[in-house]
Amino acid sequence: MSIAFRIRCCLCRKNIPLAGDVIALDGEWQRRYPDMHGTLACERCSIDYGWNCCTTAGGGFVDGHIAASEDVVDVDFISHLLERGTHRALVVTYPRSGLLQGAEPYLRWLASHKHTLPEVAARLGAALDEWDAAQRSADTGQTAAV
């Protein structure tokens, strides 16, 4: 049996309803909203915090713009939604955000579970090692980023 957890939205910081999807946001969201805590958002915030345009009247991108993936027409906030999915799927896909947003017990459990695919366990283990190093650095007053 797996570990229960809740993800807090990176924008509003409220628990994302378990019945709702989680939305993964890209670097352009982080640039526009530097106070984000992670990159996993609730559906409400992914709509409410959106913006209308990535381009200027002259047709170029706004200053500092971080381009959407190559296979997406980059026009507004919708272009910068990476994917939507279940809580579990997205914390496994984006473990660093999962750790920041409340899924640490689940990710630790999954990384050590005997039926977890080795490549998934290795990726989660690497994220957990970075997380633990950052926590140790914080405890000693040094700076480290996750």
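Up top is the structure.
We now turn to the structure provided with this report. (Residues numbered from 1 in each chain as written. Predicted model: local features only at pLDDT ≥ 70, side-chain atom pairs only at ≥ 80, totals over all residues. Heavy atoms only, no water.)

Another aspect to go through is the overall build of the chain. Along the chain, the regular secondary structure elements total 6 helices and 3 strands. Each helix (α) and strand (β) of the chain, taken in turn from the N terminus, gives the series β-α-β-α-β-α-α-α-α. Seen through its principal axes, the chain has C-alpha atoms that stretch 55 × 40 × 30 Å. Relative to its 146 residues, the chain shows a buried fraction of 37%. In the chain, the share of contacts with a sequence separation of at least 24, taken over all contacts with a separation of at least 6, comes to 54%. For the chain, the exposed area adds up to about 8400 Å²; of that, 54% sits on carbon and sulfur atoms. (Helix = DSSP H or I, 4+ residues; strand = E, 2+ residues; numbered from the N terminus. Buried < 20%, exposed > 50% of the residue type's maximum accessible area, 1.4 Å probe, protein only. Contact = heavy atoms within 4.5 Å. Areas by Shrake-Rupley, 256 points an atom, 1.4 Å probe, with all protein chains shown as cover.)

Let's shift gears to the packing of aromatic side chains. Scanning the entire structure with this criterion turns up 5 aromatic pairs. When the ring of Trp29 is compared with that of Tyr33, the centres are 5.8 Å apart and the planes differ by 35°; the resulting orientation is tilted. For Trp29, a relative accessible area of 0% corresponds to the buried category. Tyr33 sits in the partly exposed class, given a relative accessible area of 24%. Taken together, the ring pairs connect Trp29, Tyr33, Tyr49 and Phe77 into an aromatic cluster. (Phe/Tyr/Trp six-rings, centres within 6.5 Å; stacked < 30°, edge-to-face > 60°.)

With 23 residues, helix 6 (residues 118-140) ought to run about 33 Å at 1.5 Å a step, and its terminal C-alpha atoms sit 33 Å apart, in line with that. Taken together, the buried residues of helix 6 touch helix 3 (87-93), helix 4 (95-100) and helix 5 (104-112). (Expected span 1.5 Å × (residues − 1).)

So, about the side chain of Gln101. Structurally, the position occupied by Gln101 is in the loop between helix 4 and helix 5. Using a relative accessible area of 1% as the deciding quantity, one classes Gln101 as buried. Only 2.6 Å separates the side chain of Gln101 from the backbone oxygen of Arg8, close enough to count as a polar contact. Those residues within four positions of Gln101 in sequence are excluded, and the remaining contacts are Arg6, Ile7, Arg8, Cys9, Cys10, His37, Gly38, Thr39 and Leu40. (Polar contact = N/O pair within 3.5 Å; in protein donor to acceptor, adjacent residues only side chain to side chain.)

Spatially, 3 strands are ordered 2-1-3 in an open sheet, and the strand pairing comes out antiparallel. Both outer strands of the open sheet, strand 2 (40-42) and strand 3 (81-85), are each paired with one neighbouring strand and no more. If you compare each strand with its neighbour and ignore which way they point, the axes differ by 35° on average. When strand 1 (residues 22-25) meets strand 2, the two strands line up antiparallel, connected through 3 bridges. Following the sheet pairing, Ala24 is matched in strand 2 by Leu40. (Pairing = 2+ DSSP bridges. Axes fitted to C-alpha atoms, helices over the stretch in contact; angles between N-to-C directions.)

Moving on, we get to the nonpolar core. In this structure, Cys9, Leu11, Leu25, Trp29, Val91, Tyr106 and Leu107 are the most contacted members of the largest nonpolar core, which totals 33 residues. Mapped onto this core, the elements with two or more residues apiece are strand 1, strand 2, helix 3, helix 5 and helix 6. Top element by residues in this core is helix 6. It accounts for 5 residues. Beyond its immediate stretch of four places on either side in the chain, Leu11 contacts Leu25, Trp29, Tyr33, Met36, Ala41, Cys45 and Tyr49. (Core = buried A, V, L, I, M, F, W, Y, C linked by side-chain atoms within 4.5 Å.)

Glancing now at unusual backbone geometry. In the Ramachandran plot, Arg13 falls in the positive-phi region, its phi being about 70° despite a non-glycine side chain. A residue is classified by how much of its surface remains accessible, and Arg13, at 43% relative accessible area, is partly exposed.

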